[in-house]
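For reference, the chains in residue letters:
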Amino acid sequence: MKYLVGLPAFIGYFALSFALLAAYCAAYTRLTRHDEMALIRAGCTPAAVAFAGSILGFALPLASAVAHSVAILDFVLWGLVALTVQCGAYLGLRRWCMPDISERIERGEAAAGTLLAGVSLAVGLLNAASMSY
């Protein structure tokens with residue numbers, strides 16, 4: 001069964017990716033001043049767009065870390081770097097560009113949610129490219 005020789009590595013990387021994604025979502029939702037899940041459940045599209053962009057922005061460098069890591073520990077460390085950078089992107093946007101971004105998202109302002117999603121994706125893409133040493 002040479003075809004499945006990589007299956008244990010796949011399972012390990014995939015499980016750790018899922019765990020890091022869950023950790024990122026937990027950290028991000030605690031970091032923001034608004035309650036993403038409550039807003040999304042209430043039908044707030046800007047909250048959904050911003051949160052989805054953030055998740056994708058984290059998944060991009062996480063995928064790059066899987067592709068370029070030499071071992072599981074290497075992957076986990078780069079995943080934590082990606083988590084830190086992505087959370088920093090939100091904090092930077094909130095501090096320097098739009099201090100009231102959470103309030104705007106809570107009010108349903110599409111521009112705020114779209115901006116946050118775009119910044120999250122841009123930072124994630126740059127983060128992923130920077131990991132491809």
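This text goes with the structure placed above it.
Residues numbered from 1 in each chain as written. Predicted model: local features only at pLDDT ≥ 70, side-chain atom pairs only at ≥ 80, totals over all residues. Heavy atoms only, no water.

Caption draft 1: Up close: the overall build of the protein chain. From N to C terminus, the protein chain includes six helices and zero strands. Along the first, second and third principal axes, the C-alpha set of the protein chain runs to 55 × 30 × 20 Å. Burial status across the protein chain gives 37% buried among its 133 residues. Taking all contacts inside the protein chain whose residues are at least 6 apart in sequence as the whole, residues at least 24 apart take part in 74%. Of the roughly 7,400 Å² of accessible surface on the protein chain, 72% is carried by carbon and sulfur atoms. Positive and negative side-chain charges of the protein chain, numbering 8 and 7 respectively, have mean locations separated by a distance of 5 Å. (Helix = DSSP H or I, 4+ residues; strand = E, 2+ residues; numbered from the N terminus. Buried < 20%, exposed > 50% of the residue type's maximum accessible area, 1.4 Å probe, protein only. Contact = heavy atoms within 4.5 Å. Areas by Shrake-Rupley, 256 points an atom, 1.4 Å probe, with all protein chains shown as cover. Lys, Arg positive; Asp, Glu negative; His and termini not counted. Charge placed at Lys NZ, Arg CZ, Asp CG, Glu CD.)

Caption draft 2: Region of interest: the nonpolar core. Y24, Y28, F58, F75, I101, I105 and L116 are the most contacted members of the largest nonpolar core, which has 25 residues in total. Residue assignment for this core shows that the elements contributing at least two residues are α1 (7-31), α3 (45-68), α4 (72-97), α5 (101-106) and α6 (110-130). Those residues in contact with I105 that lie beyond four places of it in its chain are H34, L39, C44, P46, A47, A50, A112, G113 and L116. (Core = buried A, V, L, I, M, F, W, Y, C linked by side-chain atoms within 4.5 Å.)

Caption draft 3: The arrangement of a nonpolar patch on the surface in detail. A cluster of nonpolar side chains, Y3, L4, L7, F10, I11 and F14, forms an exposed patch at the surface whose accessible area comes to about 720 Å². By the element assignment, F14 lies in helix α1. (Patch = residues over 30% accessible without salt bridge, like charges linked within 9 Å, V, L, I, M, F, W, Y side chains within 5 Å. Salt bridge = Lys/Arg side-chain N within 4 Å of Asp/Glu carboxyl O.)

Caption draft 4: Region of interest: the environment of S64. Residue position: S64 is located in helix α3. For S64, a relative accessible area of 7% translates into the label buried. Contacts of S64, omitting those with residues within four sequence positions, involve A128, M131 and S132. At 2.9 Å, the side chain of S64 and the backbone oxygen of A128 are in polar contact. (Polar contact = N/O pair within 3.5 Å; in protein donor to acceptor, adjacent residues only side chain to side chain.)

Caption draft 5: A look at the packing of α1 against α3. It is the contact of α1 with α3, at a shortest axis distance of 10 Å, that shows an interaxial angle of 145°. The two elements α1 and α3 cross, and the hand of that crossing is right-handed. Between α1 and α3, the residues in contact are Y13, S17, L20, L21, Y24, C25, Y28 and T29 and A50, F51, S54, I55, F58, L62 and V66, respectively. (Axes fitted to C-alpha atoms, helices over the stretch in contact; angles between N-to-C directions. Left-handed = near helix turned anticlockwise from the far one by under 90°.)

Caption draft 6: Expanded view of the packing of aromatic side chains. Scanning the model with the defined rule gives six aromatic pairs in all. Geometrically, the ring pair formed by Y28 and F51 is stacked, given 6.0 Å between the ring centres and 25° between the ring planes. In this pair, Y28 is assigned in helix α1 and F51 in helix α3, connecting sequence segments 23 residues apart. The class of Y28 is buried, set by a relative accessible area of 1%. Residue F51 is classed as buried on the basis of its relative accessible area of 9%. Aromatic pair Y28 and Y90: ring centres 5.6 Å apart, planes at 70°, arrangement edge-to-face. Of this pair, Y28 sits in helix α1 while Y90 sits in helix α4, placing them 62 residues apart in sequence. Across the pair, Y90 and Y28 agree in class, each one buried. (Phe/Tyr/Trp six-rings, centres within 6.5 Å; stacked < 30°, edge-to-face > 60°.)

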